[in-house]
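Fold and contact review
These are the residues of each chain, in order.
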Amino acid sequence: MPRESFGIGNVRVRSGSSRALEIPITRLVTGADVSLPVRVVHGRDDGPTVWVSAAIHGDEVVGVEVIRQVLAALDPKTFRGTLIAVPIVNVLGFMNGDRYLPDRRDLNRSFPGSARGSLASRIAHLFMEEVVAHSEVGIDLHTGSDRRSNLPQVRADLDDPRTHQLAEAFAAPVMLHARVRDGSLRWAARERGATVLLYEGGENLRLDEYAIEPAVAGVRRVLAALDMIDPVAPADHEPSIECRSSGWVRARRTGILTLDAHLGQQVTEGDRLGALVDSFGRTLRLVRANRTGIVIGRTEAPLVNSGDALVHIGS
């Protein structure tokens, strides 16, 4: 007996098939419609329902390419379960290359949202009802924010055994135990009973290959761990380094930053990471590690003010 079709939006997707659709969000002042782009891979055989999403922040483009590559390798006739792929959640921000929505709200602080709230709240509500409500596992793809780059990493509640298992399966260079922020997709989905992994890697508005490749491989490993695809061939990769906490080294002076620390570098408290200099090259202040651990993020901005975040270290 064929598997039941999958309903989302106003369409149904037959088992053993893949379908792209658009779920209406709002209408522009020009009269043009804005919709949430979705592709559903509804496998022929039973299995879990998983979502993978990107560009909740409109300037984070790495995840869009990750989802494209993941989908290109899937065959719905051999796929087990259902994958809901949403490559661009913040459509309006994405069109403008802007992290936020036109009303300057952060979509990832607007969940679970409301059908009658602000634009951000309405998009969050739509995503919760059409995507999260169907799913038991979610993978949300992010990059560093403005002028920051991140080492490929999974952030998740590592105290939860199932989440820890899937984070291990993803096998990013680092998995970081991260508290859940109220209003985030990860928080709202967890409240609905979903297991959520948040991936960070690369810089905003850039297609950083060093962040794309491990994310594609990681998503495929999670799908394999859930028995939705055949096991991924063993790869030559190291197990994730587990970090239980993290913190930023901040600028102690205003100046021009020369940063020597690179992503993935192991550092010891007190190690030199760079220096702040004036316009003639005179050293104003050395930048030193404030803890022992691994560099999981860094600023790419050369001009910094006192108090600015410079290097993110996970311990």
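Coordinates for the structure precede this section.
Residues numbered from 1 in each chain as written. Predicted model: local features only at pLDDT ≥ 70, side-chain atom pairs only at ≥ 80, totals over all residues. Heavy atoms only, no water.

Position of Gln-265 relative to the elements: it lies in the loop between strand E13 (255-259) and strand E14 (266-267). Between the alpha carbons of Gln-265 and His-312 there is a distance of 11 Å; along the sequence they are 47 residues apart. Polar side-chain contacts of Gln-265 include one of 3.1 Å to the backbone nitrogen of His-262. (Helix = DSSP H or I, 4+ residues; strand = E, 2+ residues; numbered from the N terminus. Polar contact = N/O pair within 3.5 Å; in protein donor to acceptor, adjacent residues only side chain to side chain.)

Note on sheets: strands pair through backbone hydrogen bonds, and any given pair is parallel or antiparallel. Strand order in the open sheet formed by four strands is E16-E15-E13-E18, and the pairing between neighbours is antiparallel. Where the open sheet ends on each side, the last strands, each with one partner, are strand E16 (283-288) and strand E18 (303-304). Across four bridges, E13 lies against strand E15 (residues 272-277) in antiparallel orientation. Looking at E15, one finds that Leu-257 is bridged to Leu-276. (Pairing = 2+ DSSP bridges.)

Before going further, it helps to spend a moment on the pattern of salt bridges. Here the structure, examined in full by the defined rule, presents 21 salt bridges. A salt bridge links Glu-300 to Arg-298; the nearest nitrogen and oxygen atoms lie 3.2 Å apart. For Arg-298, a relative accessible area of 17% corresponds to the buried category. Three or more residues joined by partner-sharing salt bridges are found here, namely Arg-80, Asp-227 and Asp-230. (Salt bridge = Lys/Arg side-chain N within 4 Å of Asp/Glu carboxyl O. Buried < 20%, exposed > 50% of the residue type's maximum accessible area, 1.4 Å probe, protein only.)

Within the largest apolar cluster, 37 residues are counted, with the highest numbers of intra-cluster contacts made by Val-66, Leu-74, Leu-83, Phe-170 and Leu-223. For this core, the secondary-structure elements that each account for two or more residues are strand E5 (45-54), helix H1 (62-72), strand E6 (80-86), strand E7 (137-142), strand E8 (148-156), helix H4 (161-170), strand E10 (195-203) and helix H6 (209-225). Residue contributions to this core peak at eight residues, all from H6. In this structure Val-66 touches Leu-141, Ile-212, Ala-215, Val-216 and Val-219, once residues within four positions along its chain are discounted. Residues Val-13, Met-128, Ala-189 and Val-196 belong to the second largest nonpolar core, which totals 35 residues. (Core = buried A, V, L, I, M, F, W, Y, C linked by side-chain atoms within 4.5 Å. Contact = heavy atoms within 4.5 Å.)

As far as function goes, none of this settles anything; it's purely spatial.
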